[in-house]
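Fold and geometry: a report
Next come the chains, spelled out residue by residue.
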Amino acid sequence: MPNSILPGSIKKAPGGLSGFDVNSPLTSSQAQNFKNAGYAFCVRYLPRTANLIQGNLTNGEAQVILNAGLALMAVQHVALPGWKPNTNLGTIYGNYAATYASQVVQLPQGLNIWCDLEGVAEGTDPKDVIAYCQAWYYAVHIAGYTPGVYIGYDTMLTPDQIYDDLSFQHYWRAYNGPEVATRGFQLIQQTEKTLDGITFDPDVTQDDNMGDTALWLSA
């Protein structure tokens, strides 16, 4: 059967809401348990390439999440620590994130799809990191989604570079991530927790220093 168009609309995330990001598919009962525990949104993963599909967000799971009353966003898996970013990789990964989101999951345009920036190889030229992020940004932006970036450890960028040299307007701070100059963050990740045997990272929404918020799909 073809995938079903996902219900709901793109909305600004109100500040002060608790959610979670999780690297495993959720069943209907698991999604409902998170909702019952007070979580308002979920961030699930997209693959980098067609060879890395297993365990990532699907259309069916997205419907399960939305039906449980959770808002939804997506983040693309980062490569293993020690990876080396460049313009070409940014374009390849960004294009695949957008293609998978639209064709497999059928996420509507406008919501945040997040680039996971962390674990960059030591000694990488910051210009290569910036080129990767910019290429990823434009690939996702051109496809109609709103690019965001998750700022983790070993980005090889300073807080000023993250703000001044990248086009992103949506920033998500890892629990071990650095600051972003001027704008600040719209999502703040907290340390790992477990619910009903599922390991996840809690997140909290906030308006950034410019009054902007994350954008999610809400049923």
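The structure displayed is predicted, hence computed values, not measured ones. (Residues numbered from 1 in each chain as written. Predicted model: local features only at pLDDT ≥ 70, side-chain atom pairs only at ≥ 80, totals over all residues. Heavy atoms only, no water.)

Some words on helix α3 (residues 87–105)
Counting along an α-helix, one turn takes 3.6 residues, and residues three or four places apart therefore face a common direction. As a reminder, the rule being used: Every helix listed is a DSSP run of H or I at least four residues long, and every strand listed is a run of E at least two residues long, numbered separately from the N terminus. Expected helix span is given by 1.5 Å per residue-to-residue step, counting one fewer step than there are residues. Relative accessibility thresholds used throughout: buried, under 20% of the residue-type maximum; exposed, over 50%; partly exposed, between the two (1.4 Å probe, protein chains only). Within 3.5 Å is the distance limit for a polar contact, defined as a pair of N or O atoms, with the added protein rule that one can donate a hydrogen and the other accept it, and that residues adjacent in sequence qualify only through two side-chain atoms.
An ideal rise of 1.5 Å per residue puts 27 Å on 19 residues; α3 measures up with 26 Å between its terminal C-alpha atoms. Here α3 has its buried residues at G90, Y93, G94, A97, A98, Y100, A101 and V105. Measuring from the side-chain oxygen of the N-cap residue of α3 to the backbone nitrogen of N88 gives 3.1 Å; that N-cap residue is N86.

Some words on the environment of A97
The topology assignment puts A97 in helix α3. Taking relative accessible area as the criterion, A97 reaches 0% and is therefore assigned buried. Once the C-alpha coordinates of A97 and P81 are considered, the two residues, 16 residues apart in sequence, prove to be 20 Å apart.

Looking at the pattern of salt bridges
The criterion, for reference: Criterion for a salt bridge: a side-chain nitrogen of Lys or Arg within 4 Å of a carboxyl oxygen of Asp or Glu.
In the structure shown here, the tally under the stated rule is 4 salt bridges. In this structure, the salt-bridge partner of E179 is R173, at a minimum N-O distance of 2.9 Å. Looking at R173, the relative accessible area reads 23%, which means it is partly exposed. Put simply, R183 and D212 hold a salt bridge, and the shortest N to O gap is 2.8 Å. Remark: D212 occurs in the loop between β10 (198–205) and β11 (215–218) and R183 occurs in the loop between β7 (171–173) and β8 (187–189); sequence separation between them is 29 residues. Owing to a relative accessible area of 6%, R183 belongs among the buried residues under this scheme. Given the relative accessible area of 31%, D212 is considered partly exposed. Because the salt bridges share partners, they merge into one network encompassing R183, D208 and D212.

Looking at the packing of α3 against helix α4 (residues 126–142)
The line we're drawing: To define axes, lines are fitted to C-alpha atoms, for helices over the stretch in contact only, and angles between the resulting N-to-C directions are given on a 0 to 180 degree scale. If an angle is under 35 degrees, it is roughly parallel; if it is over 145, roughly antiparallel; if it lies from 65 to 115, roughly perpendicular; otherwise it is oblique. Should the near helix be turned anticlockwise from the far one by less than a right angle, the crossing is left-handed, and should it be turned clockwise, the crossing is right-handed. Contacts between residues were defined by any pair of non-hydrogen atoms, one from each residue, lying within 4.5 Å. Charged residues are taken to be Asp, Glu, Lys and Arg, nonpolar residues to be Ala, Val, Leu, Ile, Met, Phe, Trp, Tyr, Cys and Pro, and polar residues to be all remaining types, Gly included.
Where α3 meets α4, the axes come as close as 7 Å, and the angle between the chain directions of the two elements is 30 degrees. It follows from the interaxial angle that α3 and α4 lie roughly parallel. Our pair here, α3 against α4, has a crossing hand that is right-handed. Listed contacts from α4 to T87, L89, G90, T91, Y93, G94, N95, A97 and A98 of α3 are A131, Y132, A135, W136, A139 and V140. For the contact of α3 with α4, the class distribution of residues is 10 nonpolar, 5 polar and no charged.

Overview of the packing of aromatic side chains
Working definition: an aromatic ring pair is given by the centre-to-centre distance plus the angle between the planes. Threshold: Ring pairs are drawn from Phe, Tyr and Trp, using the six-membered ring of Trp, whenever the two centres fall within 6.5 Å, and their geometry is named by plane angle: stacked under 30 degrees, edge-to-face over 60, tilted for the rest.
The full count for this structure, using the stated rule, is 15 aromatic pairs. An angle of 85 degrees between the planes, with centres 5.0 Å apart, marks the rings of F34 and F200 as edge-to-face. Taken together, the residues span a long stretch of sequence, with F34 in helix α1 (residues 28–36) and F200 in strand β10 at a distance of 166 residues. F200 shares its class with F34; the two are buried. With centroids separated by 5.0 Å and ring planes inclined at 35 degrees, the aromatic side chains of F41 and W216 adopt a geometry described as tilted.

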